[in-house]
Amino acid sequence: MQGEIIAVGSELLLGQIANTNAAYLSRQAALLGVDIFRHTVVGDNKDRLRQLLIEALSRSEVILITGGLGPTKDDITRETIAETLGIPLIEDETSLLHIRQFFQQRGIAMSQNNQKQAMIPQGAVVLRNPSGTAPGFVVEKDGKEIVVLPGPPSELRMMFENSVVPYFKEKCQGEEKVILSRILKFWGIGESKIDEALSDLFEAGSNHSIAYLFQNCEVQVRITAKGKNSNEALRMIAGVEKIIRARIGKYLFGADDDTVAEIVGRELKEQKMKIAVAESCTGGLLGSLITDTPGSSEFFEGGFITYSNDAKQSMVGVSKKTIGEYGPVSQEAAAKMAEGAAKNSGAQIGISITGIAGPGGSEKDKPVGLVYIGLYWKGKTYVEKHLFMGSRERIKYSAAITALHVVRKFLQSGNHF
Ligand code: ATP
């Protein structure tokens, strides 16, 4: 089945909130065998929603609509759908009772306009909303299914799982299709190399497809497969994954929700080691990424934000001489910072970052984006030099993620520099 998602709300168009409902609905629709071909956002405007709905009805079998079911004047979804389909709105008694109880239980007087939330297109299947006031509904028109859900993500998710999934399962009995995806994450290989290595697989088979995404200096390859059931889809994914691993497996570092910070944490715990950081241009970002993993106190000792030259001297022992001779952004300073981080905290491993995040601060031989990453372990130091591109924020993020990969590679290679 072909489907599309329409999110209603001017705040989405203004960029005040991200359209996370569409992302959620796409993932869930795939599990029901609905291929989503379009996401559209429309403001709280009747004419534009009507126009969009007419277009959607001309090309999609399933239309998922979210938002605009509230009680206020700018909530126009319910009325616009009814008008466009030429179906009258009628009061659903059970929904009205639920709305009344919702307010009673909270000791709040129900305002008159909440009553309009119980208005449902005639003949529609009502989707109960256990945690809010606005019910959703599914209305059928010329064999097309229009599923309408409220905007608040927690309400939408609960209603999708409790009501929309059973609705579609019953409808599609005997012709169930499942679409599943797996993401493989790579480090140290660029998009063009991946393209070269996997070009034949990118030409989608009838039941699987491959896509890639470059994010945070990592390349993600997504394998999607469609099967009669989960087992069939998973078997297809495993077959494609095997081929990919055989070709570029040496760059693979994780899958699905794995993050490099989590992998580093796992490795450190297994090896019973602790890490400490000394950060200059990243200003604590590396420590922050490490502590995103729950339980990080087991492997993270702490850190030093050594932004100024004085801090580099007093906190992690980078000498005046080193700074004078080589500068604070240098291989020598990075090595000393890593050593100082470990020695001054009592951690076995020290990791450092020093660089120029820009936009100012570049020198003749030291352009914006130049970053040194140092690693100290058992009396030895190793330093990598990088040149990152992009905004200040981008450079900081790239440096912190790269530092995590430096530690990951060290830990996964049997502690070799
Ligand atoms: P309500 O009864 O709360 O007014 P509603 O169906 O009218 O429900 P909206 O008013 O459109 O929903 O949105 C309510 C809130 O839900 C928004 O302020 C926003 O926080 C969240 N929201 C709405 N649409 C989306 C979306 N597409 N993705 C993520 N969050 C959303």
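Below, the structure is looked at part by part. This one's a predicted model, so the numbers in the text were calculated from it and none came from an experiment.

## Describing the overall build of the protein
- When you go through the protein residue by residue, the secondary structure sums to 14 helices and 17 strands.
- By the compact-globule yardstick of 22 Å for 417 residues, the protein is too spread out, its C-alpha radius of gyration being 27 Å.
- If you line up the protein on its principal axes, its C-alpha atoms span 80 × 55 × 40 Å.
- In the protein, the proportion of contacts linking residues at least 24 apart, taken out of those at least 6 apart, comes to 67%.

## Details of the pairing of strand β17 (residues 380-387)
- Of the strand pairs in this sheet, strand β16 (residues 370-377) and β17 are connected by eight bridges, and their pairing is antiparallel. Residue pairing across strands places Y372 opposite K385, the latter belonging to β17.
- If you look at the hairpin formed by β16 and β17, you'll find two residues sitting between the two strands, and K378 has a positive phi there, around 45°.

## Things to note about the pattern of salt bridges
- By the definition in use, this model includes 17 salt bridges.
- Two residues, R50 and D47, come together in a salt bridge whose shortest N-O distance is 3.0 Å. Within this pair, R50 and its partner D47 are both found in helix α3 (residues 46-59), separated by three residues, close to a single helical turn.
- What makes R50 partly exposed here is its relative accessible area of 27%.
- Its salt-bridge partner being E55, residue R59 comes within 3.9 Å of it at the nearest N-O pair. Linking R59 with E55, this pair stays in helix α3, spanning four residues, or about one helical turn.
- Judged by relative accessible area, which is 28%, R59 ranks as partly exposed.
- Accessibility expressed as a relative area gives 32% for E55, which makes it partly exposed.
- Shared partners join several salt bridges into a network, and the residues in it are K46, D47, R50 and E83.

## Re the sheet that holds strand β11 (residues 218-227)
- Overall, antiparallel pairing links the four strands, which are arranged β10-β11-β9-β12 in an open sheet. Across the chains shown, the open sheet's two edge strands, defined by having one partner strand only, are β10 (208-215) and β12 (252-255). Taking each pair of neighbouring strands and ignoring which way they run, the sheet shows an average axis angle of 25°.
- Judged from the eight bridges that link them, β10 and β11 form a sheet pairing that is antiparallel. Bridging across to β11, Y212 finds its partner in V221.

## Regarding helix α11 (residues 309-316)
- Among the residues making up α11, those that are buried are A311, K312 and V316. For α11, the buried positions fall inside an angular range of 105° around the axis, keeping them on one side. Exposed residues on α11 whose side chains face more than 90 degrees from its buried face are D310 and S314.
- In the core, the buried residues of α11 are packed alongside β13 (275-279), β14 (300-305), α12 (320-326), α13 (331-345) and β15 (349-355).
- One or two steps after α11, the chain reaches G317, where phi turns positive at roughly 70°.

Parameters at a glance
Residues numbered from 1 in each chain as written. Predicted model: local features only at pLDDT ≥ 70, side-chain atom pairs only at ≥ 80, totals over all residues. Heavy atoms only, no water. Helix = DSSP H or I, 4+ residues; strand = E, 2+ residues; numbered from the N terminus. Rg over C-alpha atoms; globule rule 2.2 N^0.38 Å. Contact = heavy atoms within 4.5 Å. Pairing = 2+ DSSP bridges. Salt bridge = Lys/Arg side-chain N within 4 Å of Asp/Glu carboxyl O. Buried < 20%, exposed > 50% of the residue type's maximum accessible area, 1.4 Å probe, protein only. Axes fitted to C-alpha atoms, helices over the stretch in contact; angles between N-to-C directions. Arc of directions from axis to C-beta.

Treat this as a map of the structure, not an account of what it does.
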